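Okay, here's what each chain looks like letter by letter:
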Amino acid sequence: MSSLLLTGIGELVTNDPERDGPLGLLAAAAVVVEGERVAWVGPAAEAPAADTAVDAGGRAVLPGFVDSHSHLVFAGDRAAEFAARMAGEAYTAGGIRSTVAATRAASDEELTAHVGRLVAEMQRQGTTTVEIKSGYGLTVHDEARSLAVARQFTDETTFLGAHVVPAGSDPGEYVDLVTGPMLAAAAPYARWVDAFCETGAFDEDQARAVLLAGEAAGLRGRLHANQLGPGPGVRLACELGLVAVDHCTYLTDDDVTALRDAGTVATLLPGVEFSTRQPYPDARRLIDAGVTVALASDCNPGSCFTSSMPFCIALAVREMGMTPQEAVWAATAGGAAALDRDDVGRVTVGARADLTLLDAPTHVHLAYRPGVPLVAGVWSAGRALLGR
Ligand code: NIG
Ligand code: FE
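1. Comments concerning the overall build of the protein
Move 1: A count of helices and strands for the protein gives 13 helices and 17 strands.
Move 2: Against the compact-globule benchmark of 21 Å for 388 residues, the protein has a radius of gyration of 20 Å, which places it among compact chains.
Move 3: Expressed along its principal axes, the backbone C-alpha trace of the protein runs to roughly 65 × 45 × 45 Å.
Move 4: Among the 388 residues that make up the protein, the fraction classed as buried is 58%.
Move 5: For the protein, the share of sequence-separated contacts (at least 6 apart) that also reach a separation of at least 24 residues comes to 71%.
Move 6: Accessible area for the protein stands at about 14200 Å²; split by element, carbon and sulfur atoms hold 51% of it.

2. Considerations on the coordination of the iron ion (ligand 2)
Move 1: Distances from the iron ion (ligand 2) to its protein donors, namely His69 (NE2), His71 (NE2), His224 (NE2) and Asp298 (OD), fall within the range 2.0 to 2.4 Å.
Move 2: Sequence positions of the donors to the iron ion (ligand 2) reduce to the motif H-x1-H-x152-H-x73-D. Residue His71 is located in the loop between strand E6 (65-67) and helix H1 (79-86), and its partner His224 is located in strand E11 (residues 220-225); the two are separated by 153 residues in the primary sequence. Side by side, His71 and His224 carry an identical accessibility label, which is buried.

3. Quick notes on the sheet that holds strand E14 (residues 293-295)
Move 1: Spatial ordering of the open sheet is given by E8-E9-E10-E11-E12-E13-E14, a layout of 7 strands whose pairing is parallel. Pairing within the sheet leaves two strands with one partner each, and these edge strands are strand E8 (132-133) and E14.
Move 2: Sitting on the sheet, helix H6 (residues 204-216) touches strand E9 (157-162), strand E10 (192-197) and E11, and the angle it makes with E10 is about 175 degrees.

4. Regarding the pattern of salt bridges
Move 1: Tallied over the entire structure, the rule returns 21 salt bridges.
Move 2: Linking Arg208 and Asp205 is a salt bridge whose minimum nitrogen-to-oxygen distance equals 3.3 Å. With Arg208 and Asp205 both in helix H6 and 3 residues apart, the pair spans about one turn of that helix.
Move 3: Judged by relative accessible area, which is 55%, Asp205 ranks as exposed.
Move 4: Close ionic contact of Arg341 with Asp343 constitutes a salt bridge, the shortest N to O distance being 2.7 Å. Of the two residues, Arg341 and Asp343, neither departs from the other in class, the shared state being buried.
Move 5: Three or more residues joined by partner-sharing salt bridges are found here, namely Glu156, Arg191, Arg341 and Asp343.

5. Structural notes on the domain arrangement of the protein
Move 1: Each assigned domain of the protein is listed with its residue range as follows: domain 1 (3-64 + 346-386) and domain 2 (66-338).
Move 2: Using only C-alpha atoms to locate each centre, domain 1 and domain 2 end up separated by 29 Å.
Move 3: Contacts between the two partners involve 21 residues from domain 1, matched on the other side by 17 residues from domain 2.
Move 4: Buried surface at the junction of domain 1 and domain 2, both sides included, amounts to about 1500 Å², of which 69% is carbon and sulfur.
Move 5: The tally of links from domain 1 across to domain 2 stands at 0 salt bridges.
Move 6: Where domain 1 packs against domain 2, one counts 4 residue pairs in polar contact (both at pLDDT 80 or more).

6. What about the pairing of E10?
Move 1: Counting buried residues along E10, 6 of its 6 residues qualify, which places the element largely inside the surrounding structure.
Move 2: Neither face of E10 is exposed, since Trp192, Asp194 and Phe196 on one face and Val193, Ala195 and Cys197 on the opposite face are all buried.
Move 3: Looking at chain direction, E9 and E10 are connected through 3 bridges and run parallel. Across the sheet, the residue bridging to Phe159 is Val193, located in E10.

7. Some points on the site of ligand 1
Move 1: Close to ligand 1 lie 15 residues, the nearest being Arg78, Tyr91, Tyr136, Asp298 and Ser303.
Move 2: Arg78 places a polar side-chain atom, nitrogen or oxygen, 2.6 Å from an oxygen atom of ligand 1.
Move 3: Within the side chain of Ser303, one N or O atom sits 2.5 Å away from an oxygen atom of ligand 1.
Move 4: Within the complex, 100% of the 330 Å² of free accessible area of ligand 1 lies under protein.

8. Digging into the nonpolar core
Move 1: The biggest cluster of nonpolar side chains holds 85 residues, and the ones touching the most others in it are Phe159, Leu223, Leu259, Leu268, Leu286 and Leu295.
Move 2: At 6 residues, the largest contribution of residues to this core is made by helix H5 (residues 171-186).
Move 3: The residues contacting Leu286, other than those within four sequence positions of it, are Leu251, Val256, Leu259, Ala266, Leu268, Val291 and Val293.

9. Concerning the packing of aromatic side chains
Move 1: According to the stated counting rule, one finds 4 aromatic pairs in the structure shown.
Move 2: Measuring from ring centre to ring centre gives 6.2 Å for Phe74 and Tyr136, while their planes differ by 70 degrees; the resulting arrangement is edge-to-face. Linking Phe74 in the loop between E6 and H1 with Tyr136 in the loop between E8 and helix H4 (140-151), this pair joins segments that are 62 residues apart in sequence. When sorted by exposure, Phe74 lands in the same class as Tyr136, which is buried.
Move 3: Ring centres 5.6 Å apart and planes at 75 degrees place the aromatic pair Phe74 and Phe305 in the edge-to-face group.

10. Some points on the environment of Pro270
Move 1: Structurally, Pro270 is set in helix H9 (residues 270-276).
Move 2: Between the alpha carbons of Pro270 and Cys312 there is a distance of 5.9 Å; along the sequence they are 42 residues apart.

Scoring rules and cut-offs
Residues numbered from 1 in each chain as written. Chains lettered and ligands numbered in written order. Predicted model: local features only at pLDDT ≥ 70, side-chain atom pairs only at ≥ 80, totals over all residues. Heavy atoms only, no water. Helix = DSSP H or I, 4+ residues; strand = E, 2+ residues; numbered from the N terminus. Rg over C-alpha atoms; globule rule 2.2 N^0.38 Å. Buried < 20%, exposed > 50% of the residue type's maximum accessible area, 1.4 Å probe, protein only. Contact = heavy atoms within 4.5 Å. Areas by Shrake-Rupley, 256 points an atom, 1.4 Å probe, with all protein chains shown as cover. Donors = N, O, S within 2.8 Å, 3.2 Å for Na, K, Ca; no water. Pairing = 2+ DSSP bridges. Axes fitted to C-alpha atoms, helices over the stretch in contact; angles between N-to-C directions. Salt bridge = Lys/Arg side-chain N within 4 Å of Asp/Glu carboxyl O. Domains from an automatic or database assignment. Buried area = accessible area lost by both parts, 1.4 Å probe. Polar contact = N/O pair within 3.5 Å; in protein donor to acceptor, adjacent residues only side chain to side chain. Near = heavy atom within 4 Å. Core = buried A, V, L, I, M, F, W, Y, C linked by side-chain atoms within 4.5 Å. Phe/Tyr/Trp six-rings, centres within 6.5 Å; stacked < 30°, edge-to-face > 60°.

What follows is the structure in C-alpha cells.
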C-alpha cells in the first residue's frame, strides 16, 4: 500500500471534535494517507516519512465537501425559465415536468455522460461525496434507470419518484405506483427514499405513505419540505425520525423545536433562494436553537443550477447569518451527518482520505473571496483528482 505525506499545511480543517472549535483547526500541519485512508494527522514537524510527499506551501487543506442533496440525472436545461423568473415570474413545482419530458427522451448513454460531466464539475470545486436523486423519470422504467445511472457515480442514491405527479396522472393512482412497482424497481439501486412535500407536489399523507413504503423496502427516508411556504413536512420528518430534512426555508418555532428534539439535520440549500429570489433560510436561528445544519448545492436544472459548494458557503455566510467556520463545517461534517456517514467530512485517523487544498491561507477565503476558483487540489479516497 503506497503512502502520501501532505505537509506544509498552513491551516488544516480536521472537524475533529477532540480539537478546538467547530472546525478543529490545526496550524503548520501534515497529513499522512495510506491507501484510501488517513493514517496520521499532526504537526508537520513531527510527521512520519511516506513514499511520496506534497508540500502545500502554507495553504489551507480541508475535508472534501459532502454535497448531500443533488438532482444530477436529467436532460435539457431551463435557462428560459430562469430568465423569466429574473424578469418577475414565480418559481413553481410545475417546471419539473418539462425536465421529465427531456429526461425520458434521453438515452442511458446521454444521461450517464451528463451526470459524469456534472460530477467532474463538482470535483473541480472540492466535492468528494455527492448524493444523487432520481425524480425526473417518473415511470417505473425511467426512475429505475435514473438510479442505475446515478449508482455509477455514488452509493448515496435516492429514489425520488414522489417529485411531482406527472402530467395526466391521477395523484392517488400515482402514489400507489410510487409505493408499489416503482419502488420495487428502484430499491435495488437506492440507499434513500425522498418525497417533495409541498403545495403543488405531495401532501403530508402522501409523503408519509411514500416514506413508510420506502423504509419497509429497506431504504432510509429524507424529505424535501418547507421550501416554498410553511407546511407539515418538517414536522413529518421529525415524527418519522428521518436523518435529514432539506430546504427548511419557512419554519415555525414549533418546527425548529421539533428539529432540535428529533436530532434531524436541517439541510439548507442557499443556491435555491439565490436562483428563485426567495428569502434565505435563517441558519442562525437553527444553530442557536441547537439544530444540526448542513449545506448542499441542490444542483438541478430548475430551482438551482449550481454545482459549487464554495458558492453555497459564501451565500450562507453573507445571507444566512453563518460564520465562515459554521458554513465550512456544514458543507463538510454537516453533509456527512445528513448522510449518516462518519467516514467522510473529517480529516481524522481512519477517515476516507478526501482532501481539498485551497489556493488560500485559510478556509475563511471561501466566503471572503466569493466566485474565485480557490480549489487547487483534490484527493478522493487517497487518489489525486486534480493538480496542485
Ligand atoms: O430541490 N424542490 C424540489 N425539487 C428540486 C427542484 C426541481 C426542479 O425545479 O426541477 C429542488 O429544488
Ligand atoms: Fe432538491
